[in-house]
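Each chain is listed here by its residues.
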Amino acid sequence: MLSFDNRLLNELPGDPIQGAQLRQVHGALWSRLDATPVSAPRMLAWSPEMATTLGLTAADMQSDAMLQALSGNGLLPGMQHYATCYGGHQFGNWAGQLGDGRAIFLGETVNAAGERWELQLKGAGPTPYSRRADGRAVLRSSLREFLCSEAMFHLGIPTTRALSLVATGDSVIRDMFYDGHPEREPGAIVCRVAPSFIRFGHFELPASRGDIDLLSRLTEFTMQRDFADMAFPADMPLHERVPIWFGEICRRTALLMAEWMRVGFVHGVMNTDNMSILGLTIDYGPYGWIDNFDPGWTPNTTDASGRRYCFGRQPDIARWNLERLAEALALLLPDPAPLVESLGMFDSTYGQAWSQGLAAKFGLRDWQDDDAALMSEIFELMTRAEVDMTMFFRLLGDMDMQAPKAEALRPAFYREELWQDFHPPLYSWLQRYGERLKRDNLSQEARQTAMHKVNPRFVLRNYLAQQAIDQTTEGDTTMLQQLFSAMRQPYDDLPQHTALYALRPDWARHKAGCSMLSCSS
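Conventions we followed
Residues numbered from 1 in each chain as written. Predicted model: local features only at pLDDT ≥ 70, side-chain atom pairs only at ≥ 80, totals over all residues. Heavy atoms only, no water. Axes fitted to C-alpha atoms, helices over the stretch in contact; angles between N-to-C directions. Helix = DSSP H or I, 4+ residues; strand = E, 2+ residues; numbered from the N terminus. Parallel < 35°, antiparallel > 145°, perpendicular 65-115°, else oblique. Left-handed = near helix turned anticlockwise from the far one by under 90°. Contact = heavy atoms within 4.5 Å. Nonpolar A, V, L, I, M, F, W, Y, C, P; charged D, E, K, R; others polar. Phe/Tyr/Trp six-rings, centres within 6.5 Å; stacked < 30°, edge-to-face > 60°. Buried < 20%, exposed > 50% of the residue type's maximum accessible area, 1.4 Å probe, protein only. Lys NZ or Arg CZ within 6 Å of the ring centre and 35° of its normal.

Before going further, it helps to examine the packing of helix H6 (residues 200–208) against helix H9 (residues 314–329). Remark: H6 packs on H9, axes separated minimally by 8 Å, with the N-to-C direction vectors making an angle of 40 degrees. Taken together, the axes of H6 and H9 lie oblique to each other. In the packing of H6 onto H9, the handedness of the crossing is left-handed. Contact with H6, carried on its side by Phe200, Phe203, Glu204 and Ala207, involves Asn321, Leu322, Arg324, Leu325, Ala328 and Leu329 of H9 and no other residues of that element. When grouped by side-chain class, the residues that make up the contact of H6 with H9 number seven nonpolar, one polar and two charged.

Spelled out as structure tokens, the structure:
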């Protein structure tokens with residue numbers, strides 16, 4: 001069924017103490033423990049694509065043995081429960097030891113194609129890193145992570161994946177708004193899957209403690225296991241390889257940021273412990289998609305005052321996080337200057353990727369220097385007029401630019417009075433945009449096809465996810481399945497999903513869970 005080799009456990013030092021009791025873990029990357037059993041596990045949803053990638057059949061996924069393993073109630077042959085140790089900068093401040101406080105690994109499996117996948121359960125009980133928490137997760141956050149992991153995959157954005165969503169049958173007490181009013185909520189567990197869950201924070205913690213041996217061993221291991229396609233000369237010393245490898249991390253991170261910005265995704269909590277060394281979107285918490293275009297929007301209530309992690313700042317924060325990783329890796333080098341040079345890989349890669357992404361979004365054959373002013377003008381107008389980002393670009397792609405009409409973009413406006421105020425400058429912009437398109441000499445059909453490949457018809461808006469949460473809490477998974485179906489074809493205009501393509505309704509503008517969310521899970 002699944003073939004495990006668990007290289008991390010076998011090749012990196014482990015914690016000599018076993019169990020979930022809270023502790024500071026030194027000189028080790030992982031701790032062995034047992035998941036906490038749940039009372040009545042029930043499979044709510046699973047991803048056929050991820051199951052197939054792992055080599056699992058529908059019969060495998062529907063078996064009781066699999067259900068027990070994916071709920072933390074049992075282990076399949078080769079599986080082992082453990083959690084990893086890391087630190088991180090949270091909201092710009094060093095937080096010390098963090099670790100997998102809610103995630104418990106099942107191990108590393110290698111599929112028939114030779115691909116390595118780490119499996120972990122989020123919400124399977126306490127670990128040594130739970131920091132006075134219970135290690136559990138609630139249905140609302142688990143459902144959101146399950147859906148978003150797979151939604152991002154089908155959008156073509158690098159991401160961790162989700163195999164399953166299991167209801168535990170147990171309740172979890174959470175103070176959703178941190179306002180002193182905790183409530184019981186249904187619990188759930190997501191099985192998350194990725195080639196590697198190693199984060200920036202895994203390197204930061206041993207560096208902060210001056211544990212050069214552990215930092216060196218982790219770096220060697222990560223290069224060999226997770227970056228095996230990087231061919232280094234056998235005799236090249238570690239201090240010469242590290243800047244090259246770090247440059248690749250910078251490149252992948254830059255590409256990820258360009259992809260987030262392309263579709264209007266906002267992560268919400270870009271702490272360094274939530275940054276993947278593979279350039280994957282990781283740790284889906286208070287995320288959201290831009291509805292009315294606003295570079296300053298954040299979906300995270302905890303970030304509402306400072307807006308550190310708002311939509312428009314994400315590339316800058318990613319670079320800041322890379323600088324923190326560089327500081328950790330600098331302990332392995334006689335001179336940190338090569339790491340500073342490697343940071344330039346982020347700047348050049350992001351600049352090129354974002355320019356190419358914008359050209360694609362607007363249906364241009366390629367990016368030209370004078371395009372920046374045209375794009376800046378429309379983004380400013382969209383912000384002031386509260387224009388829906390997703391709807392705007394789909395309608396723009398459908399527009400006949402031989403005779404452009406601002407009226408065709410009216411459905412992307414949330415407020416009629418703003419449409420009345422801004423449709424004259426919008427029409428003026430469309431005239432200049434049309435002139436720009438003439439320089440490319442693309443047919444209407446070619447432009448529309450190209451734009452629809454990069455501008456999704458469907459994104460997982462928060463109000464839709466909240467509706468699925470509400471229904472699933474009541475025992476009805478219909479909305480969950482509808483969203484799972486729509487998000488697997490996000491660029492297609494499917495009649496059966498028309499209702500899911502609508503603008504955020506006015507009632508959801510400030511409703512809990514439908515606009516901003518807390519980190520509570």
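Taken as a whole and assessed by the stated rule, the structure comprises 26 aromatic pairs. Seen in terms of ring centroids, tyrosine 287 and tryptophan 289 are 6.3 Å apart; in terms of plane orientation they differ by 85 degrees. Their pairing is edge-to-face. The two residues tyrosine 287 and tryptophan 289 agree in class, both being buried. Linked through ring pairs, Phe293, Phe311, Phe362, Phe379, Phe392, Phe393, Trp429 and Tyr433 together constitute an aromatic cluster. Taking NZ or CZ as reference, lysine 361 lies 4.2 Å from the ring centre of phenylalanine 393, over its face. In this structure, arginine 504 is placed above the aromatic ring of tyrosine 414, and the distance from its NZ or CZ to the ring centre is 4.4 Å.

Mapped onto the elements of the fold, glutamate 150 is located in helix H5 (residues 139–155). Not counting chain neighbours up to four residues away, the residues in contact with glutamate 150 comprise Ser47, Met50, Arg161, Ala162, Phe484 and Met487.

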